[in-house]
Amino acid sequence: MAFSPKVKRTTKHGDGAQNLLRSQKDAYARLLNQHQNGKFRSYLQELATQQVEESMSTSVSRSVNVVSRRKKGNSESSYSVDSLSSQQSRQMADASICSYTDKTSYQVTCTEDQGIKPGMLEKHARMELHKAAAPKKVPSKPQHKRNEKDIKISSNLVGSEEGDSQQLSCSCGEEQAKDKSKKKRLKGNLAKKDEGECGPEVDVITGKSPNKNIKAPQTQASKESLLQNNKDKGTKSGRGSRKQLFEEYMRTEDVSAGLERGELIKGVLRINPKKYKEAFVPSPDGSADIFLDGIAARNRALNGDVVVVKVLPPEQWKAPDVIVEARYNEDDEVIGKMKNVCLHDKVDKCYNVMWYDVVIIFEQKHSRAASGFLKFLPNKNFAMFSPVDHRIPRVNVPLVDCPADFVSRPGDYENVLFICRITHWPADNNFAEGRLAKTLGQAGEIEPETEGIMTEYDVDFSEFSEEVLNCLPQDLPWSIPAHELSRRRDLRKECVFTIDPATARDLDDALSCKQLSDGNFEVGVHIADVSYFVEEGSVLDQIAGKRATSVYLVQKVIPMLPRLLCEELCSLNPLTDRLTFSVIWKLSPEGKILSEWFGRTVICSCIKMSYDHAQSMIEAPDKHFSAEELPPCSTNHRIHEIKEAILNLHNIAKQLRAQRFESGALQLNQLKLSFSLDKESSMPQGCYVYQYQDSNKLVEEFMLLANMAAAHQIYRTYPELAILRRHPPPQSKMVDDLQEFCDQMGLDIDLNSSRGLHRSLNENLGNDEYAAARREVLTHMCSRAMQMASYFCTGALKDENSFHHYALNVPLYTHFTSPIRRYVDVIVHLRLHVAKEVHKLASHCNDRKTASKRVQELSSELFFAVFVKECGPLDSEAMVMGVLDQSFDVLVLRYGVQKRIYCNSLEGLKAVHFRKVGKRPEMTLVWEQADPSKESTQQEISIFTLLNVQLKADGAPMKYSAVLKRPSALI
């Protein structure tokens, strides 16, 4: 689009004052557009008013008439800086933002990541205002370059309300004076933007003008010459087209060739949820992660997508802005303090980091669905959807998808959650395009929040269709056919029992143990035979394969199979005949396997035990338990017989566990939060850290033994078709860094092997009351270096060494013991015959297991946030896990949650002194005394420091914060 030529005018007496007023107003409005801080706005207004008054006092006071207007007749009213109210300023800024929505830069930055020092804002404000106060001159080319630099600085200071850092840049040309209403003034701004009357468009990624040929007019130019000039420039830099922000995807054949030559790398993209300008792809050798810097490098890929990346040429590498800390500013908005760690030309010396870009999304694993909020944009035919998860871009959604009264009453929907699905993300737009799928309800309420979580992670929580239900037995009550009984080993007279959580309804494993005449034991693990009911290739099989796993939320379970199977026909309920798949060993008292048998069986469980019931027997082996103390029990087996079986299993399990860890196994259990819920409302009434007891360990040992036995069995039978589970060793770079940190902390931690690490965590951290807390802190640190375990088909990996499971330290492992809730276990039972299908199913089960785990974690976080809101504030001891320059992370011991405490939010804190000794961070907090005559008190903060904290709800839905309680000496 051509730029309208400006009319040359003759400067009259008094125009100097008007120019000053206008330029002051331009600078002020531009700053308001960039900075929304209320105190900063007041400071600018006061400063601008003072400067205008000082300048006007030296000029001749007279009325200022309009002497220039554009040929198209557009005009705007003039106003003085001191007449610009705070509300008008905000409206002007909002109007500018709205008019530039479709051209803004989506630079996703967490509120904990990026920010500005307070002094920078004031300095920048003074610089802008003094520049505006200077007399206007015809800019030369060097001056134009300096202006570009100023614009770049300005654009880098912009931050969004929610921390996404949706950087909006609007640089408008001179406004023409005419006394009209405020509404006309805003309308004129929008019209001028659309008609190309603004100055050169700023590229918010680079901070440069895309149209490098544009210069300030020195004389009046003809319309024809400007049209010709724009025509010569082409569409690349013209106002009629948008700059391409993302690279076009590489052709599929080029990607295949690049992967084969080793020039490209394929992997799963992980976006840091706290610093989501940062993303990572695992390196093929497992040594360290590949780093992708910024939104453009991700090239529209979302978290979890399988991407192909290329390394950039060294001349395109740059020094990363390493985020040191996040802190609060005066308005309690989280801003980030960032520091350059080294010069650009020395980046390869400071960091051994190569820079990568995504060249294609190989497979879209992210659901492209998100929960979030709608924002109304004036004069637009679409609304802005802002996802709760800031790793997902903002989305333009058509107004026709919005509620009918959204345009007239947008305020009614400020706290309403919606589901949006991304349909397209153009290469020339930082905003995606999408459609609203559903209105969830009020943010902060459990059910809408839960549905949003499940939708985003693509959890199918719909009811099973009639077609699926028709695959189930129709004649109820169902009984085992006689011909099926004849083909199975009958164990119904054996003492078989289940041990599960008290609330469990899908009982998929049972145990048996009897002592033999030779002093050895016959031990059996009996697993529900789901494969009998799930016919391969049926609709039921397809839906189970798609769901791949049951999802356990705090308040409910989303089952993989219809409840008729999960809770009745397959569940090993007591006093009922059930079909099972069993592995039976002959074991010595020391746990040595003397013989092993696999096969299909039928059992009748004699009792449904909870972990607490089994634990009471382990803790009181000589106690006589009455029938009233236990659940209903079969009359064919005495309680004493059941207790003896449990005690024998416990003794063997202790032997197996000791041998396992002596052989090099590693266990990194982290604290798990459990809730007690109101039976009617399902609201949390209480919460506690789940206690892992000997009864849990008993069941775990025999499930592990069964899974390992099944892995060897199917690998022997189907060496190319077995589906196993592998766990790669931790990333060597992270292990080395952690080892150095532990050495400097004086911790005797051996990270050279899984065996050494397990021994260190359990033997070298003392035996006082806080040893468990220190172990939890170190366990969290060690877990960061660990890679995820995954399913695979043996035909897809040629090197048997890669089958190894690092944490268990065993060569072969699989999942066999939970077919009601895991489809992989069903595959193992069915023994599928096509390697390609097995590999594909293994990959799908990995995705669903990861999603299920994350949904379970988010459900727990949701309920705990509600609990804090309803029952808080909550006081607890906490142990420091990490120290940054203006904050520190703590493990809240009473509840097992991890929170970050920001020093700038602490009332009564006078100063913070941060230092590092090698890799060991330390901090000194200086507290003010209640009595001003007394000296300030200092508090030392370092890893493992014990503190008293308080958890309290924030204003935002589902948010709560941790606050450090002042030392008791100061209270």
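Residues numbered from 1 in each chain as written. Predicted model: local features only at pLDDT ≥ 70, side-chain atom pairs only at ≥ 80, totals over all residues. Heavy atoms only, no water.

So what's going on with the overall build of the protein chain? Residues and values would help.
The helix and strand tally for the protein chain stands at 23 helices and 36 strands. The buried share of the protein chain, reckoned over its 971 residues, is 50%. Taking the intrachain contacts of the protein chain between residues at least 6 apart in sequence as the baseline, contacts between residues at least 24 apart amount to 70%. Surface summary for the protein chain: the accessible area is close to 47,200 Å², and the carbon and sulfur share equals 49%. (Helix = DSSP H or I, 4+ residues; strand = E, 2+ residues; numbered from the N terminus. Buried < 20%, exposed > 50% of the residue type's maximum accessible area, 1.4 Å probe, protein only. Contact = heavy atoms within 4.5 Å. Areas by Shrake-Rupley, 256 points an atom, 1.4 Å probe, with all protein chains shown as cover.)

I'd like to hear about the side chain of K899, residue by residue, with values.
Within the secondary structure layout, K899 lies in strand β31 (residues 897-902). Despite its burial, K899 remains without a salt bridge, the nearest opposite charge being carried by D954 at 6.4 Å. A distance of 2.9 Å separates the side chain of K899 from the backbone oxygen of Y960, its partner in a polar contact. Leave out the neighbours within four places in its chain, and K899 touches F888, D889, V890, L951, Y960, S961 and A962. (Lys, Arg positive; Asp, Glu negative; His and termini not counted. Salt bridge = Lys/Arg side-chain N within 4 Å of Asp/Glu carboxyl O. Polar contact = N/O pair within 3.5 Å; in protein donor to acceptor, adjacent residues only side chain to side chain.)

Could you give an account of the sheet that holds strand β32 (residues 909-917), naming the residues involved and the relevant values?
Ordered by their spatial adjacency, three strands build an open sheet running β32-β33-β34, and the pairing between neighbours is antiparallel. Both edges of this open sheet fall to β32 and β34 (937-942), since each of them pairs with a single strand only. For this sheet, the mean inter-axis angle between neighbouring strands, taken without regard to orientation, is 20°. Where β32 and strand β33 (residues 920-927) come together, eight bridges link them in antiparallel fashion. Looking across to β33, one finds that A911 is bridged to V926. (Pairing = 2+ DSSP bridges. Axes fitted to C-alpha atoms, helices over the stretch in contact; angles between N-to-C directions.)

Can you lay out a nonpolar patch on the surface for me, pointing to particular residues and giving the numbers?
Side chains of Y688, Y690 and Y692 sit close together on the surface and give an oily, nonpolar patch of about 290 Å² of accessible area. Positionally, Y692 belongs in the loop between β26 (684-689) and α18 (694-717). The class for Y692 is partly exposed, based on a relative accessible area of 35%. (Patch = residues over 30% accessible without salt bridge, like charges linked within 9 Å, V, L, I, M, F, W, Y side chains within 5 Å.)

I'd like a rundown of helix α21 (residues 771-785), residues and numbers included.
In this model α21 runs 22 Å from its N-terminal to its C-terminal C-alpha over 15 residues, within 8% of the 21 Å that 1.5 Å per residue would give. Among the 15 residues in α21, eleven count as buried, and that is most of the element. Buried within α21 are the following residues: A771, A773, R774, E776, V777, L778, T779, H780, M781, C782 and A785. At its buried positions, α21 is contacted by α19 (732-745), α20 (754-763), β29 (874-883), β30 (887-892) and β31. (Expected span 1.5 Å × (residues − 1).)

Talk me through the nonpolar core; I want residue IDs and the actual numbers.
Nonpolar side chains in soluble globular proteins tend to be buried together. Ranked by size, the top nonpolar core spans 88 residues in total, and within it F497, L511 and F702 carry the most contacts. In terms of residues, this core owes the most to one element, α18, which gives eleven residues. With sequence-adjacent residues up to four places away left out, L511 is seen in contact with C495, V496, F497, I499, G524, V525, H526, L649, L698, V699, F702 and M703. Judged by nonpolar contacts, the second largest core, of 60 residues, contains C687, I749, F863 and A865. (Core = buried A, V, L, I, M, F, W, Y, C linked by side-chain atoms within 4.5 Å.)

Outline the UniProt feature "site: Important for catalytic activity" (unreviewed entry) in the protein chain, listing residues and values.
The feature "site: Important for catalytic activity" (unreviewed entry), as annotated in UniProt, sits at D508 in this numbering. Within the secondary structure layout, D508 lies in the loop between β17 (496-500) and β18 (509-515). Excluding anything up to four places from it in sequence, D508 contacts H526, I527, A528, L572, T817, S818, P819, I820 and R821. (UniProt positions renumbered as here; feature names shortened; annotations may be inferred.)

I'd like a description of helix α11 (residues 446-456), backed by residues and values.
Taking burial as the measure, the eleven residues of α11 include ten buried ones, the bulk of the element. Phi turns positive one or two residues past the end of α11, at D458, with a value near 60°.

Provide a residue-level description of the environment of I480, including the pertinent values.
When you line up the elements, I480 lands in the loop between α12 (466-469) and α13 (482-485). For I480, a relative accessible area of 12% translates into the label buried. As a C-alpha pair, I480 and V602 span 122 residues in sequence and 9.2 Å in three-dimensional space. Here I480 is in contact with L485, D577, R578, L579 and V602, once residues within four sequence places are set aside.

So what about the pattern of salt bridges? Which residues, and what values?
One pass over the full model with this rule turns up 43 salt bridges. Across the salt bridge formed by R505 and E567, the nearest N and O atoms sit 3.8 Å from each other. Taken together, the residues R505 in the loop between β17 and β18 and E567 in helix α15 (residues 563-569) connect sequence positions 62 residues apart. With relative accessibility at 22%, the residue E567 sits in the partly exposed group. E940 is paired through a salt bridge with R915; the nearest N and O atoms lie 2.9 Å apart. Remark: R915 occurs in strand β32 and E940 occurs in strand β34; sequence separation between them is 25 residues. According to the relative accessible area criterion, E940 is partly exposed, its value standing at 42%. Linked by salt bridges that have partners in common, E484, R487, R488, D529 and R600 make up one network.

Got a sec to walk through the sheet that holds strand β13 (residues 395-398)? Specific residues and values, please.
Pairing is mixed in the closed barrel, where five strands are placed in the order β11-β12-β13-β15-β14. Averaged over all adjacent pairs, the angle separating strand axes in this sheet is 50°, with direction ignored. Judged from the two bridges that link them, β13 and strand β15 (residues 432-442) form a sheet pairing that is parallel. Paired with V395 across the strands is A432, a residue of β15.

A description of the UniProt feature "binding site: Mg(2+)" (unreviewed entry) in the protein chain should follow, citing residues and the corresponding values.
Taking the numbering used here, the UniProt-annotated feature "binding site: Mg(2+)" (unreviewed entry) corresponds to D500 and D509. For D500, the position within the fold is in strand β17. When neighbours within four sequence positions are excluded, D500 is seen to be in contact with L507, D509, M609, S610 and Y611. Residue contacts for D509: discarding those within four places in its chain leaves T498, D500, H526, I527, L572, V699, M703 and T817.

Tell me about unusual backbone geometry, residues and numbers included.
Leaving glycine aside, a negative phi is the common case for residues, and trans is the common case for peptide bonds. Here the residue pair L476 and P477 is connected by a cis peptide bond, since its omega of 0° sits within 30 degrees of zero. As for its placement among the helices and strands, P477 is situated in the loop between α12 and α13. Of note, the bond from G872 into P873 is cis; its omega dihedral lies within 30 degrees of zero at 0°. By the element assignment, P873 lies in the loop between α23 (835-871) and β29.

Give a description of the environment of R822 that names residues and reports values.
Inspection of the secondary structure assignment puts R822 in the loop between β28 (790-793) and α22 (823-830). Exposure remark for R822: the relative accessible area of 8% places this residue in the buried category. Placed 23 residues apart in sequence, R822 and C845 show a C-alpha to C-alpha distance of 8.4 Å. Other than its neighbours up to four places away in sequence, R822 contacts A548, M560, Y791, H815, F816 and T817. Within polar-contact distance, the side chain of R822 engages the side chain of D825 at 2.8 Å.

Tell me about the state of the cysteines, and name the residues and values.
Tallied over the entire structure, the rule returns zero disulfides. Left without a disulfide partner, C420 is nearest to the cysteine sulfur of C402, which lies 9.5 Å away. With a relative accessible area of 2%, C420 lands in the buried category. (Disulfide = S-S within 2.5 Å.)

Would you mind going over the packing of helix α16 (residues 611-619) against helix α17 (residues 639-662) in detail, with residue names and values included?
It is at 10 Å that the axes of α16 and α17 come closest, and there the two elements cross at 80°. In terms of orientation, α16 and α17 fall into the roughly perpendicular class. Each of A614, M617 and I618 in α16 lies in contact with α17, whose residues at this interface are K643, I646, L647 and H650. For the contact of α16 with α17, the class distribution of residues is five nonpolar, one polar and one charged. (Parallel < 35°, antiparallel > 145°, perpendicular 65-115°, else oblique. Nonpolar A, V, L, I, M, F, W, Y, C, P; charged D, E, K, R; others polar.)

Tell me about the packing of α19 against α21, and please be specific about residues and values.
The geometry of α19 relative to α21 is characterised by a closest axis approach of 8 Å and an angle of 155° between their N-to-C directions. Regarding the angle of α19 to α21, the classification is roughly antiparallel. Seen from above, α19 lies across α21 with right-handed handedness. The residues of α21 that touch α19, namely those facing M734, V735, L738, F741 and C742, are L778, M781, C782, R784 and A785. For the contact of α19 with α21, the residue count by class is nine nonpolar, no polar and one charged. (Left-handed = near helix turned anticlockwise from the far one by under 90°.)

Please set out the packing of aromatic side chains residue by residue, giving values where relevant.
Applying the stated criterion to the full structure yields 16 aromatic pairs. Between the aromatic rings of F376 and F406, the centroid separation amounts to 6.1 Å while the plane-to-plane angle is 75°, which identifies the pairing as edge-to-face. Placement of the pair is F376 in the loop between β11 (369-375) and β12 (382-387) and F406 in the loop between β13 and β14 (416-424), with a sequence separation of 30 residues. Here F406 and Y413 contribute two aromatic rings whose centre-to-centre distance is 6.0 Å and whose plane-to-plane angle is 65°, an arrangement assigned as edge-to-face. With respect to burial, F406 and Y413 carry one shared label: buried. Three or more aromatic residues link up through ring pairs in this structure, and these residues are F376, F406, Y413 and F418. Positioned over the ring face of Y960 is K899, at 4.2 Å from the centre of the ring. (Phe/Tyr/Trp six-rings, centres within 6.5 Å; stacked < 30°, edge-to-face > 60°. Lys NZ or Arg CZ within 6 Å of the ring centre and 35° of its normal.)

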